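# Fold and geometry: a report
Residues per chain are reported as follows:
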Amino acid sequence: MNSDFAFPAFESHGGCLEPFNDGHCPETQASSSADAARIVRYICPSASNSIENNVHVYNDVLHPHHVQMLYEATAPTQNHDHDIDSTKTTPCLHLTGESPWGTYVTVEEALDWINWTKMNAKCKVDTTTYEDYVASWREKLIDFYPFEQKCMSLSDEKKEEHSYQTTGRKENFDLAKNHCENMDLMRHALAVEAVAQFFVETIPSSSGNFVTTSSQQSQPTNEKLYTKSDFLRQTHGVAVWALSSRPGASVQYHIDYAELLRYEYNVTVPPLFAGTIQCSALCNNDQIVNAAENVKTKRMVGGEFCVNLRGLDHYAEHGYKGVLSGDPMGGWKRPDSATCGVHFDSSNKWVTIPYACNRGIVHNGDLPHLSAPIQHIDDDNLSRVIVGFNVFGHDVGARVAKAPEHSRQFRRQVKLYRTTLSAPKGNGNGSNGGMDLSQIRNNKGLTKLLVLAKRERVKAQLRHDQKQLTCNIWNHLLRHSASGENRHLCVGDIVEKFGIPSTESGWPTPVDAHVHLHNMLKQQNSTEDGGKFHDVDGIGGLCGAHYKIVLVNDLEPSTRGKLIAASTAVSITRSDNDTFPE
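Description of the structure in this document. (Residues numbered from 1 in each chain as written. Predicted model: local features only at pLDDT ≥ 70, side-chain atom pairs only at ≥ 80, totals over all residues. Heavy atoms only, no water.)

## Remarks on the packing of aromatic side chains
- Inspection of the entire model under this criterion finds 12 aromatic pairs.
- Taking the centre distance of 4.9 Å and the plane angle of 15° together, the rings of Y226 and F231 count as stacked.
- Accessibility expressed as a relative area gives 2% for Y226, which makes it buried.
- In this structure F231 comes out as buried when scored by relative accessible area, which is 1%.
- A ring pair is formed by Y226 and F273, whose centres lie 4.8 Å apart and whose planes are at 50°; its orientation type is tilted. With Y226 in the loop between strand 8 (218–220) and helix 6 (228–234) and F273 in strand 12 (residues 273–278), this pair connects stretches of sequence that are 47 residues apart.
- Three or more aromatic residues joined by ring pairs form one cluster here, namely Y58, F198, F199, Y226, F231, F273 and F389.
- Across the ring face of Y257, the terminal group of R262 is positioned such that the distance to the ring centre comes to 5.4 Å.
- Over the aromatic face of F498 sits the side chain of K497, whose NZ or CZ is 5.7 Å from the ring centroid. (Phe/Tyr/Trp six-rings, centres within 6.5 Å; stacked < 30°, edge-to-face > 60°. Buried < 20%, exposed > 50% of the residue type's maximum accessible area, 1.4 Å probe, protein only. Helix = DSSP H or I, 4+ residues; strand = E, 2+ residues; numbered from the N terminus. Lys NZ or Arg CZ within 6 Å of the ring centre and 35° of its normal.)

## Quick notes on the environment of G303
- By secondary structure assignment, the location of G303 is in the loop between strand 14 (298–302) and strand 15 (305–308).
- Taking the C-alpha atoms as reference points, G303 and P354, separated by 51 residues in sequence, lie 7.4 Å from one another.

## Points about the sheet that holds strand 11 (residues 267–268)
- Read from one edge of the open sheet, three strands run 1-2-11, paired in mixed fashion. The open sheet has two edge strands, strand 1 (15–19) and strand 11, and neither has a second partner.
- The pairing of strand 1 with strand 2 (residues 38–42) spans five bridges and is classified as antiparallel. Counterpart to P19 in the pairing with strand 2 is R38. (Pairing = 2+ DSSP bridges.)

## A short note on the nonpolar core
- Core analysis: the largest hydrophobic core is formed by 76 residues, its most contacted members being W137, F199, V269 and F389.
- Sort the elements by how many residues they give to this core and helix 5 (residues 183–205) lands first, with 14 residues.
- Residues within four places of F389 in sequence aside, it is in contact with A194, V195, F199, V238, A239, V240, W241, F273, A274, G275, T276 and I277.
- With 22 residues, the next largest nonpolar core counts L478, A545, I549 and I564 among its residues. (Core = buried A, V, L, I, M, F, W, Y, C linked by side-chain atoms within 4.5 Å. Contact = heavy atoms within 4.5 Å.)

## Some words on unusual backbone geometry
- Even without a glycine there, the phi angle at D60 is positive, about 55°.
- Tracing the backbone shows D60 in the loop between strand 3 (55–59) and helix 1 (64–72).
- Relative accessible area serves as the criterion here: at 62%, D60 is assigned to the exposed category.
- Despite not being glycine, H406 has its phi angle at roughly 75°, a positive value.
- Its location among the elements puts H406 in the loop between helix 10 (397–402) and helix 11 (408–421).

## So, the sheet that holds strand 15
- Ordered by their spatial adjacency, five strands build an open sheet running 10-19-15-17-16, and the pairing between neighbours is antiparallel. The open sheet has two free edges, formed respectively by strand 10 (251–254) and strand 16 (343–345), since each of these has just one partner strand. Taken over all neighbouring pairs, the strand axes of this sheet differ in orientation by 10° on average, direction set aside.
- Inspection of the sheet shows strand 10 paired to strand 19 (residues 369–371) by two bridges, in the antiparallel sense. Bridge assignment links V251 to a residue of strand 19, and that residue is S371. (Axes fitted to C-alpha atoms, helices over the stretch in contact; angles between N-to-C directions.)

## Observations regarding the packing of helix 2 (residues 107–119) against helix 5
- One can describe the packing of helix 2 onto helix 5 by two numbers: an axis separation of 9 Å at closest approach and a directional angle of 85°. When the interaxial angle is binned, helix 2 and helix 5 end up roughly perpendicular. Residues E109, A110, L111, W113 and I114 of helix 2 pack against H188, A189, V192, E193, V195, A196, V200 and E201 of helix 5.
- Split into classes, the residues belonging to the contact of helix 2 with helix 5 amount to nine nonpolar, one polar and three charged. (Parallel < 35°, antiparallel > 145°, perpendicular 65-115°, else oblique. Nonpolar A, V, L, I, M, F, W, Y, C, P; charged D, E, K, R; others polar.)

## Overview of a nonpolar patch on the surface
- On the surface, V511, V515 and L563 cluster together into a nonpolar patch covering about 220 Å² of accessible area.
- Relative to the assigned elements, V511 resides in helix 15 (residues 510–522).
- Owing to a relative accessible area of 55%, V511 belongs among the exposed residues under this scheme. (Patch = residues over 30% accessible without salt bridge, like charges linked within 9 Å, V, L, I, M, F, W, Y side chains within 5 Å. Areas by Shrake-Rupley, 256 points an atom, 1.4 Å probe, with all protein chains shown as cover. Salt bridge = Lys/Arg side-chain N within 4 Å of Asp/Glu carboxyl O.)

## Structural notes on helix 5
- Between its terminal C-alpha atoms helix 5 stretches 32 Å, which fits the 33 Å expected from 23 residues at 1.5 Å a residue.
- In helix 5, a bend of some 25° at V195 exceeds every other bend along the element.
- For helix 5, a buried count of 18 out of 23 residues is recorded, marking the element as mostly surrounded by other parts of the structure. (Expected span 1.5 Å × (residues − 1). Bend = angle between axes of the 7 residues up to and from the residue.)

## A look at the pattern of salt bridges
- By the definition in use, this model includes 12 salt bridges.
- For the salt bridge of D379 with K298, the shortest nitrogen-to-oxygen distance reads 3.2 Å. Within this pair, whereas D379 is found in the loop between strand 20 (374–377) and strand 21 (384–393), its partner K298 is found in strand 14, the two being separated by 81 residues in sequence.
- Under the relative-accessibility criterion, K298 is labelled partly exposed at 36%.
- Each of E485, R487 and D493 takes part in salt bridges that share partners, so that together they form one network.

## Looking at the packing of helix 1 against helix 5
- In contact at an axis separation of 11 Å, helix 1 and helix 5 are set at 140° when each is read in the N-to-C sense. Considering the angle they form, helix 1 stands oblique to helix 5. Every pair of crossing elements has a handedness; the one defined by helix 1 and helix 5 is left-handed. Every residue of helix 5 that contacts helix 1 at H66, M69 and L70 is listed here: M186, L190, E193 and A194.
- The residue makeup of the contact of helix 1 with helix 5, split by class, is five nonpolar, one polar and one charged. (Left-handed = near helix turned anticlockwise from the far one by under 90°.)

Next up, the structure:
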């Protein structure tokens, strides 16, 4: 199936592409051989490779009112069992939206939230009631987005990469900021805060609890799942989703992966890390016995989170939803009822983690897992709500961000694929299949999706070309510096060399190259890395050095709104600090 994006370069991001048949064939790949199915295995990015350290459990990971907002933004006010796209309303937020829902949070957004929280005293106000917290949080949201836009004074390339994620939300926010009446925006902001607190701040600084083979319960450890610097370096962003379930519901045995990439290439791309936060005021029997009288939680039987520490070897035996072994639970059995807390079965490496409100669970992304059937919930008005997280690297993150699972964009894309596939295979006119132009013209929804897809494909190509031009200019400057030639390059030299339009895209013209170089020069001080270039290959003479572009002279100083003069001489210099800021 054609894609708007080129096939991802997994190998350059620590992934190894290899054949792997889990018994599942996406409907878009029905004509492909099972041998064509592949999977990406990533080198373990965790701080420890010990099998006991692959799952960490954290309690009280978010502010309780934040958890309640996540619950209210997900759970229907009425019982809509198994209705995937049901419309729901929230009793306190007074908003409507579809559930389940999904969004994507970039690392930059999470860091912006953290930095803004540190700078803004209002974020530290701890209100006593949920209603007060919601009101204060709405004010926080209104203040945050202008701050985030200031933080986006990056290169044009970064702005363009970020624009498709933020443009729609910014427009909706401008329309709804007086009343915060936009469910998508509220959900996304809640997700940004959760990712910032859980994945960027808590996990790198705290080991939480992890499963051991000796005690068969959750115990403290000093081993952290990853360091903050490793996470920020490897991660593009986090796909966030939320779903609500009632008794009888379960999630069968599976591994998480980038859904659309499987649709498009039949390649399974697991996340680097996967996790959940449990958001309902529900708990297991063990907690009921030990809970204080003022804890307002209800009992739920079943609904445990279960993960197998054998990883992809175990998944290869059982397959997608157990299709290879015939067991949709992948061999998992509920532990004896007398077992308290987290249970680890050393014989089959199954970990069973009971549900507890505000509990966070995180593990390596390629571990197979499931959600056990919910047997009973004491309150008929309560649902079990889980917010899930999939951490993706720079190889596929931008693609996942286009249509994260359970999002409206994802449902539209899947609908587009299915509409195309459902076209008649014969029309009596000698056609062998596919859709003809009349079918497309008569399907206004499909026509709009195809137009949007073309626009996004053009934008993606422009982002790629801009990135390549930046790299080419830097390589030219580095080679010139290493040559020892006794003269500086000027802006006009660079524009003349690279301002040659492609026959395919018509970009870059000399004016395009001039504007691009102008932005590289003028925006250095406003970028996160200070405009540095990391010379990994030692083109400039020293492997791993960092450089900056400097103006040697500016004979015709540009004024506001004008391009830097073509006669301006430029050079490169080693940066004072050869490290990028964390």
